[in-house]
Amino acid sequence: MTEPSNWLVHDHRKYQAALEACEIAAGVREWKEATQRFNAFVDDLKLHMRMEDEVLYPFYKEQFGDADDEIGDLSYEHDKLIRLLRDLSIVIKHKDYDHFEECLKPLYQALMEHADHEEVVFSRVSGHELLTHRDEILRRLEAMQSGKKRRAWDF
Ligand SMILES: [Fe+2]
Ligand SMILES: [Fe+2]
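A brief report on the enclosed structure follows. (Residues numbered from 1 in each chain as written. Chains lettered and ligands numbered in written order. Predicted model: local features only at pLDDT ≥ 70, side-chain atom pairs only at ≥ 80, totals over all residues. Heavy atoms only, no water.)

### Digging into the overall build of the protein chain
Thinking step 1. Helices and strands together make up the secondary structure of the protein chain, namely five helices and zero strands.
Thinking step 2. Taken from N to C terminus, the helices and strands of the protein chain fall in the order α-α-α-α-α.
Thinking step 3. Principal axes of the C-alpha set define a box for the protein chain whose edges measure 50 × 30 × 25 Å.
Thinking step 4. Counting only residues that meet the buried cut, the protein chain has 43% of its 155 residues in that class.
Thinking step 5. Relative to all contacts within the protein chain whose residues are 6 or more apart in sequence, the contacts with residues 24 or more apart total 82%. (Helix = DSSP H or I, 4+ residues; strand = E, 2+ residues; numbered from the N terminus. Buried < 20%, exposed > 50% of the residue type's maximum accessible area, 1.4 Å probe, protein only. Contact = heavy atoms within 4.5 Å.)

Shown next, in the form of C-alpha cells:
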C-alpha cells in the first residue's frame, strides 16, 4: 500500500469501526445510538463515494486507461454497497434485531472487500502520480461540491 502517500486519504478503517460501533449499539438494543451511528456513517460514505465516482475514478481512467475495466468493477461494487446499506437502513428503522446480523454481515464483508480492491488499484498508480495532478483533482473536487449528484441514493 502506498497510503498515506496517496494525498486523498482513504478512510476505510474509519468505516469499518463505524459499522462495528453500530453493531455493538444494536446488540444491546440501543436503537437511538445505532441509528445515529449508522446515519453519520452513511453521510460520510456518500461523500467519500461521490469523490471517487465523480473525481477519482474518471481521473484514473483519463490518466491511466482502464483496460481491465477495474474502475467499472469498483463502480459496480459501489452499487452493491448501496443496496446492502439500504437493506440495513430498513432493519434499523424497524429495530429488527432478528435480521440485523443477517444484513450487517454481507455489508461488512462487501465494504472490506471493496476497500481492499480499491487500495490495490490505487496503490498501483502510486501517490506521486496523483500528487503531480493534485491541483487539477482539487479543482474538480471543488466543482463537484456545487454540482449535481450523479449517483442516486434513495434512503
Ligand atoms: Fe474508498
Ligand atoms: Fe469506493
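### Some thoughts on the side chain of H12
Thinking step 1. Assignment of secondary structure puts H12 in helix 1 (residues 12–27).
Thinking step 2. At 3.3 Å, the side chain of H12 forms a polar contact with the side chain of H48.
Thinking step 3. Separated by 3.0 Å, the side chains of H12 and E118 make a polar contact.
Thinking step 4. The residues contacting H12, other than those within four sequence positions of it, are H48, E52, A115, E118 and E119. (Polar contact = N/O pair within 3.5 Å; in protein donor to acceptor, adjacent residues only side chain to side chain.)

### Considerations on the coordination of the iron ion (ligand 2)
Thinking step 1. Distances from the iron ion (ligand 2) to its protein donors, namely E52 (OE), H78 (NE2), H114 (NE2) and E118 (OE), fall within the range 2.1 to 2.2 Å.
Thinking step 2. Around the iron ion (ligand 2), the four donor atoms sit at angles spanning 85 to 172°, and that spread fits a shape best called irregular.
Thinking step 3. Metal-to-metal, the separation of the iron ion (ligand 2) and the iron ion (ligand 1) is 3.3 Å; E52 coordinates the two. Remark: H114 occurs in helix 4 (residues 97–131) and E52 occurs in helix 2 (residues 31–64); sequence separation between them is 62 residues. In this structure, E52 and H114 share a single accessibility class: buried. (Donors = N, O, S within 2.8 Å, 3.2 Å for Na, K, Ca; no water. Tetrahedral: all angles 85-135°; square planar, octahedral: opposite > 155°, others 65-115°.)

Coordinates in, geometry out; function isn't part of it.
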